[in-house]
Every structure is written in C-alpha cells, then in structure tokens.
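Observations on chain architecture
The lines below spell out each chain.
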Amino acid sequence: MAFTHLLTRPQCSIMRYSIRGYYGNYNLGDELMLQAIVQDLKNITPNCEIEVYGIDYETAETLSIQPVSSYRKSIAKSNLLIIGGGNLLYDRNSYGHNSLWSCLKEVIFARLNSTKVLFYGVGVGPIVTPIGRKLLRLLIYLSEGITVRDPDSYSLLIDCGVSRNKIALGTDLVFKMSFNEPPTTTVEFLIHEWLSANRKLKVIVNVFNMQRELLPRFLKKQGELRRQLISKLLDRIVEDYNAQIIFVSAQGQVAGCDHLEAQRIISLMKGKEACINIPYLNPKWMPYIIKHADVVIAMRLHISILAFKLGVIPVGLSYSLKVKSFYKMIGIEENCFHADAFDVDELYNIVTKFLRDKDRFEQKCQDVNIKLSESANVHVQTLERVIHSIC
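The notes below deal with the structure included here.

**Section: the packing of helix H1 (residues 28-44) against helix H11 (residues 301-309)**
Running from N to C, H1 and H11 cross one another at 55°; their axes reach a closest spacing of 8 Å. In terms of orientation, H1 and H11 fall into the oblique class. Along the contact surface, H1 presents Leu28, Gly29, Leu32 and Met33, while H11 presents His302, Ile303 and Leu306. Residue composition of the contact of H1 with H11, grouped by class: five nonpolar, two polar and no charged.

Right under this line is the structure:
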C-alpha cells in the first residue's frame, strides 16, 4: 500500500489549510500568487481557516487569513498543506541553493500528521543533478499531485520520471484573478499625480540588480552594461515621444531591490526630469498603476504578466527561462530581449511597431487572455478534486 494512503483523517466540518511559499518577502509575484490561492480556497470552501507562514499582519488582514510563526504547528492541525506560487522546486538556482531538501522535510512532516499535500501553481527547475531528479519524484509521489504554470515545468517533471497522472498543466494563476479598484486613499492620490504629468506617452519600467556585490567583477560589468543600454533606450523614448518614465518596484527591502537599481539607471540618463521612481507598494496598487501605461518594459515576470492581462504592451528583459517561456506562450516572442545584451535600436523599433498598431494588439490581448484564463482554471479543478477527497 502506498505511503500516501496509510494515514487518513476523519471527515471535517471546517477545512483547515496551511500555505507555504516565499511569502512575506515583499515580492510582487509571490504576493499575487498568495492572493490567487486564498481566493481559490475561499471560493471552494467558504467555511475554512487559512494560515500562512511568514506573512506580515497587514497582508493577513487584507486577505482575512492568519499569520503563523511556527509552520510545523500549522501543518499538524491542517487538512491540507498547499506549497504554492512561484518557482519553488529546484536543486541549484543562480545562488547555488537547493529547495528540494527543505520541501521534503515539510512534506514528510505533513504526511506523518495525516495532512495531505498539494503543489499548486508552481514553476519547476532547474533540476541538474541525479539526486535532484530522485528527490523531485519522491516529493510528487508523497503528495496528491502538482499543478504547474508553464510547459517547460511540465516537460521537466516528465523527464524526471514523474507520473503524468500526478501533473496538471495550466497558466499562471494571475490570469484568472480579477482586480478591483482600490479605495480612494492618499496613495491613490499620489499615483494619480505621478501618472498625470503633461507628457504624451506613459512608460512603466521595472528593473532589478541580478548581480550581488560578492559576485566576480566580470558579472558586475554585465550589470553596468545593462544599465547603460536601458538608460540609452529610455532617453531615446523620452526624446522622441515626450514620454513619462515611471519606474515601479516588484521587490523591496533586499540588497538588489528594484528601487535602488532604478536610481542607478536614472543617474545615467539625460532625461532625468522625465523619470519617477516609485518604491515598493502594497501589491493591490500595481494593477492600478500598470493599466494607465501605454508600454511596460520589465525584467520581473509578473510585471509583464500584469501588463498583458490588462491590455498594455509588454516588453520583456529576460534574465531566466520563465520570462522567455511567457512571451513565447502569449505569441509575441519578438518582444522579449536578453536583459544583459539587447540591441537598443531593435527594442526601440519593437516599441514603435506596437504603438502604431495598438488597437490590433489590444484585440489580440482580449482573445489570448480568454484562453489563458480558461487554462488557469485547470489549477482550480485539481484543487477541488483534492479538497473533495478530504471532506
């Protein structure tokens, strides 16, 4: 008999969920994923209790969930542990970290406490070692399954020997989210002022520093080259289009945060007076800001995702496979450039091309977004099946 079926819990009147991920670290993508997961759980089981490890009290209050300081206590009393959102399963990232061992400890602890486990809306990879492949197979075997957000993650799971019956492929959870207008506040007034400058074109820009201070000098040189390229591009857009450049932060309170990197780029620009650098805000404000833009140029994945979902022209500065995969999925691969080695003229011409045919692009956005939203519901269908197997 499989280990995952040895331990069972009696039927329950109130569902209790524990959610684990990279939450509480002021990352836009992760916080959007958390919002989406909470929405799904409450839609399926309105009478439920949700606990999330690592979040702050403001986020907890906004989402009406409980922050916890001990994830083990939370897991032990839950019916379902959801490990979800973001690129969570890898055996060697750019900093040499391995997430699989820590995931395995949590999954085993959950199963020993009769708590089922579901990996939800995640990205997978890189998996580059033989032990990494074995750990990944074991994790999914011990769980109720995994839903992934991109074809590359699905293919990697299959290549590592994970059963197809355990995998569901959808799109990013953000594509099924709805965004309401936030209430009028001082922040909304400030955003309105930022967006209402007397300039013809509004360009949202998101950048971050991929190279930390301890990395070799040649990698720092790459960062310097990237800043020069971006500043040259933005100066040209400002001069030709009388554009307002609005830098937004999707990551705050870390050494390489977006706000500091934006400052470095602005310092290199001739058109500094056309730039506004907005610090990291509560994620609920980002859709409100982006929807007022004409063009979005972004390094971080979820800025590009929000732009496309809201019908704004996105241009990606890719630093990883997940960004390239997204632009391939939405059918505008030509809008994705390598962050450290792009041709300024080529990128400028892409922006010009899409601005000239903006109406056609917006229609394409509507058509593609319908399909992406339907595909994102695959995650929910899997979640419903797992929940109904518990109660």
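Next, the rest of the story.
**What about the environment of His259?**
Positionally, His259 belongs in helix H9 (residues 258-268). Classification of His259 by relative accessible area gives partly exposed; the value is 21%. The spacing of His259 and Val248 is 11 residues in sequence and 7.3 Å in space, taken between C-alpha atoms. His259 has contacts with Ser249, Asn277, Ile278 and Pro279, leaving out every residue within four places of it along the chain.

**With respect to the packing of H1 against helix H14 (residues 358-390)**
Angle between the axes and distance between the axes are the two parameters that describe a pair of packed helices. It is the contact of H1 with H14, at a shortest axis distance of 11 Å, that shows an interaxial angle of 50°. Our classification of the angle between H1 and H14 gives oblique. H1 and H14 meet at a crossing whose hand is right-handed. Touching Asp40, Leu41 and Ile44 of H1 are Val380, Leu383, Glu384 and Ile387, all from H14.

**With respect to the packing of aromatic side chains**
Summed over the entire model, instances satisfying the criterion amount to nine aromatic pairs. Taken together, a centroid distance of 5.6 Å and an interplanar angle of 75° make the contact between Tyr53 and Tyr71 edge-to-face. In this pair, Tyr53 is assigned in strand S2 (residues 48-53) and Tyr71 in helix H3 (residues 71-76), connecting sequence segments 18 residues apart. For the ring pair Phe208 and Tyr319, a centre distance of 4.9 Å and an interplane angle of 90° mean the geometry is edge-to-face. Here Tyr319 lies in the loop between strand S12 (313-318) and helix H12 (321-329) and Phe208 lies in the loop between strand S8 (201-206) and helix H8 (217-241), a separation of 111 residues in the sequence. Phe208 sits in the buried class, given a relative accessible area of 8%. Judged by its relative accessible area of 28%, Tyr319 is partly exposed.

Rules behind the numbers
Residues numbered from 1 in each chain as written. Predicted model: local features only at pLDDT ≥ 70, side-chain atom pairs only at ≥ 80, totals over all residues. Heavy atoms only, no water. Axes fitted to C-alpha atoms, helices over the stretch in contact; angles between N-to-C directions. Helix = DSSP H or I, 4+ residues; strand = E, 2+ residues; numbered from the N terminus. Parallel < 35°, antiparallel > 145°, perpendicular 65-115°, else oblique. Contact = heavy atoms within 4.5 Å. Nonpolar A, V, L, I, M, F, W, Y, C, P; charged D, E, K, R; others polar. Buried < 20%, exposed > 50% of the residue type's maximum accessible area, 1.4 Å probe, protein only. Left-handed = near helix turned anticlockwise from the far one by under 90°. Phe/Tyr/Trp six-rings, centres within 6.5 Å; stacked < 30°, edge-to-face > 60°.

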